[in-house]
Amino acid sequence: MEQRTPSQPQEAWSERPRALRTPRAQQGPDEVYEVQPLQGLLDSGEGPSASDMSPQQEDPLSCIRACCMCRPQAEAQKLSFLASICTICEAALEDSGAHYRLCVCPLEVAQCIEELLQEEPAERLDTELRQQAMNAIAAMSRAWLLPEERKSSLLRACLGSVLHLPRHEDTQDRDAALYMETMEALHRLLQVLVGSAGTSVLMELQNILELLLPFTTCQLAAVEERAMACIARLLAFSNTCPLPEVCSCFTGAVVLRHQCTENQRFPVLGKLSEHLICGAAAQDGRTRDEAMKAVHQLFIFITSQSPSEIPPVS
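Because the structure is a prediction, the values reported are computed rather than measured.

Trainee: Help me understand the packing of aromatic side chains in this model?
Mentor: Any two aromatic rings considered together are summarised by their centre-to-centre distance and by the angle between their planes. A complete count under the given rule lists 1 aromatic pair for this structure. With a centroid separation of 5.0 Å and an interplanar angle of 50°, the aromatic rings of Phe 266 and Phe 301 are classed as tilted. Pair noted here: Phe 266 is in the loop between α9 (221-238) and α10 (269-280) and Phe 301 is in helix α11 (residues 285-303), with a separation of 35 residues, a long-range link. The burial state of Phe 266 is the same as that of Phe 301; both residues are buried.

See the structure below:
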């Protein structure tokens, strides 16, 4: 499958002077930054502050500029910011004209989304912010505007914010419906990331699985169940995607006298299999069920390769 070349839509994010960023305390493997005001815009008086925004009167470009200069605090401002990202990304796919060029860098946009996710309380789900944040990330990915250097950190924030939510047993409860919608938004995001990866689909799939695997052994049954469900759904989706020709070393086995590219390998297979087997033996019944679904999809993934591409079992 040929890799899609981001050409015109990429221009939707103009390369203007970027926000100054100062490091703060590490919160994980990826460095986290505080976004400082874009000095040029502030000095010239362009653009309203986030506190002055009104979803009814703000156009998408102004809303995004304001939120990147000053992170929004009110819920309506946050949701307006995320909706504006989706609007601009959709427009960028159809028209790369100057009207849709943003005055901020995608790095600042991604950082702002990440911080909004990190601010959400882990013990409750009472707004649509999480799902709207994931919709915005998916829109950026489809428009080739999601910066690679922030992708893992941003996805880790999504997983941590959603997978640790409390379990809702009453399916008629409003919070349960919101929870289901949020989980579906997470599944869609993971599928969009893989589906828009072009010839790097195996690398993208592997990167996502690497981020999901720690959640399958966190000793919290609800979290482990959700992580297994994400893996099962993602593998099922990947099995419907056109995959590049996979090298016989895709399991990580050493094969002499051959050359292949990184996007033809799948070295996470061993670790993935180990976690799925452990999940299939879990005490929690829901976790076992999801793990078995994932095992089934992994079996389909492996056997879908032609016999000549599957390394022999020694």
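Alright, that's what it looks like, and here's the rest.
Trainee: Looking at this model, I keep getting lost on helix α2 (residues 60-69). Mind explaining?
Mentor: Three- or four-residue spacings in an α-helix give side chains the same orientation, since the helix completes a turn every 3.6 residues. Of all 10 residues in α2, 9 are buried; the element is thus mostly enclosed. The complete set of buried residues in α2 reads Leu 61, Ser 62, Cys 63, Ile 64, Arg 65, Ala 66, Cys 67, Cys 68 and Met 69. Between a side-chain oxygen at the N-terminus of α2 and the backbone nitrogen of Leu 61 the separation is 3.1 Å; the capping residue is Asp 59.

Trainee: For this particular structure, what's the right way to read the nonpolar core?
Mentor: In a soluble, globular protein the nonpolar side chains are often hidden away together inside. Among the nonpolar cores identified, the biggest contains 73 residues, and Phe 81, Ile 113 and Leu 163 are the most heavily contacted of them. Non-local contacts of Phe 81, meaning those with residues more than four positions away in its chain, are made with Cys 63, Ile 64, Cys 67, Val 109, Cys 112, Ile 113 and Leu 116.

Trainee: What is the right way to read the pattern of salt bridges from this model?
Mentor: For side chains of opposite charge, pairing can occur when their charged atoms come near one another. All told, the structure shown has 12 salt bridges when counted by the stated rule. Measuring nitrogen to oxygen at the nearest pair gives 3.7 Å for the salt bridge that ties Arg 130 to Glu 120. Highlighted residues: Arg 130 in helix α5 (residues 129-142) and Glu 120 in the loop between α4 (106-119) and α5, separated in sequence by 10 residues. Across the pair, exposure class does not vary: Arg 130 and Glu 120 are buried alike. Between Glu 210 and Lys 271 there is a salt bridge; the shortest N-O distance is 3.0 Å. Taken together, the residues span a long stretch of sequence, with Glu 210 in helix α8 (residues 201-212) and Lys 271 in helix α10 at a distance of 61 residues. What makes Glu 210 partly exposed here is its relative accessible area of 32%. Among the charged side chains, a network of salt bridges with common partners joins Arg 71, Lys 78, Glu 115 and Glu 119.

Trainee: I tried to follow the side chain of Gln 131 on my own but got confused; where do I start?
Mentor: You can see Gln 131 is positioned in helix α5. Ignoring any residue separated from it by four or fewer positions in sequence, one finds Gln 131 in contact with Leu 178, Glu 181, Thr 182 and Ala 185.

Trainee: Help me understand the packing of helix α7 (residues 174-195) against α9, please; the structure alone is not making it clear to me.
Mentor: To describe two helices that pack against each other, one gives the angle between their axes and the distance between the axes. The geometry of α7 relative to α9 is characterised by a closest axis approach of 10 Å and an angle of 40° between their N-to-C directions. Between α7 and α9, the angle falls in the class oblique. Every pair of crossing elements has a handedness; the one defined by α7 and α9 is right-handed. Across the interface between the two elements, Tyr 179, Met 183, Glu 184, Leu 186, His 187, Leu 190, Gln 191, Val 194 and Gly 195 of α7 pack against Arg 226, Ala 229, Cys 230, Arg 233, Leu 234, Phe 237 and Ser 238 of α9. Across the contact of α7 with α9, the residue classes tally to 9 nonpolar, 4 polar and 3 charged.

Trainee: Would you explain the packing of helix α6 (residues 148-163) against α8 in this entry?
Mentor: Here α6 crosses α8 at 45°, and the two axes come no closer than 10 Å. With respect to α8, the axis of α6 lies oblique. In the crossing of α6 with α8, the sense of the turn from one axis to the other is right-handed. Taken together, the residues of α8 that come into contact with α6 (itself represented by Lys 151, Ser 152, Leu 155, Arg 156, Leu 159 and Leu 163) are Glu 204, Ile 208, Leu 211 and Leu 212. For the contact of α6 with α8, the residue count by class is 6 nonpolar, 1 polar and 3 charged.

Definitions and cut-offs
- Residues numbered from 1 in each chain as written.
- Predicted model: local features only at pLDDT ≥ 70, side-chain atom pairs only at ≥ 80, totals over all residues.
- Heavy atoms only, no water.
- Phe/Tyr/Trp six-rings, centres within 6.5 Å; stacked < 30°, edge-to-face > 60°.
- Helix = DSSP H or I, 4+ residues; strand = E, 2+ residues; numbered from the N terminus.
- Buried < 20%, exposed > 50% of the residue type's maximum accessible area, 1.4 Å probe, protein only.
- Polar contact = N/O pair within 3.5 Å; in protein donor to acceptor, adjacent residues only side chain to side chain.
- Core = buried A, V, L, I, M, F, W, Y, C linked by side-chain atoms within 4.5 Å.
- Contact = heavy atoms within 4.5 Å.
- Salt bridge = Lys/Arg side-chain N within 4 Å of Asp/Glu carboxyl O.
- Axes fitted to C-alpha atoms, helices over the stretch in contact; angles between N-to-C directions.
- Parallel < 35°, antiparallel > 145°, perpendicular 65-115°, else oblique.
- Left-handed = near helix turned anticlockwise from the far one by under 90°.
- Nonpolar A, V, L, I, M, F, W, Y, C, P; charged D, E, K, R; others polar.

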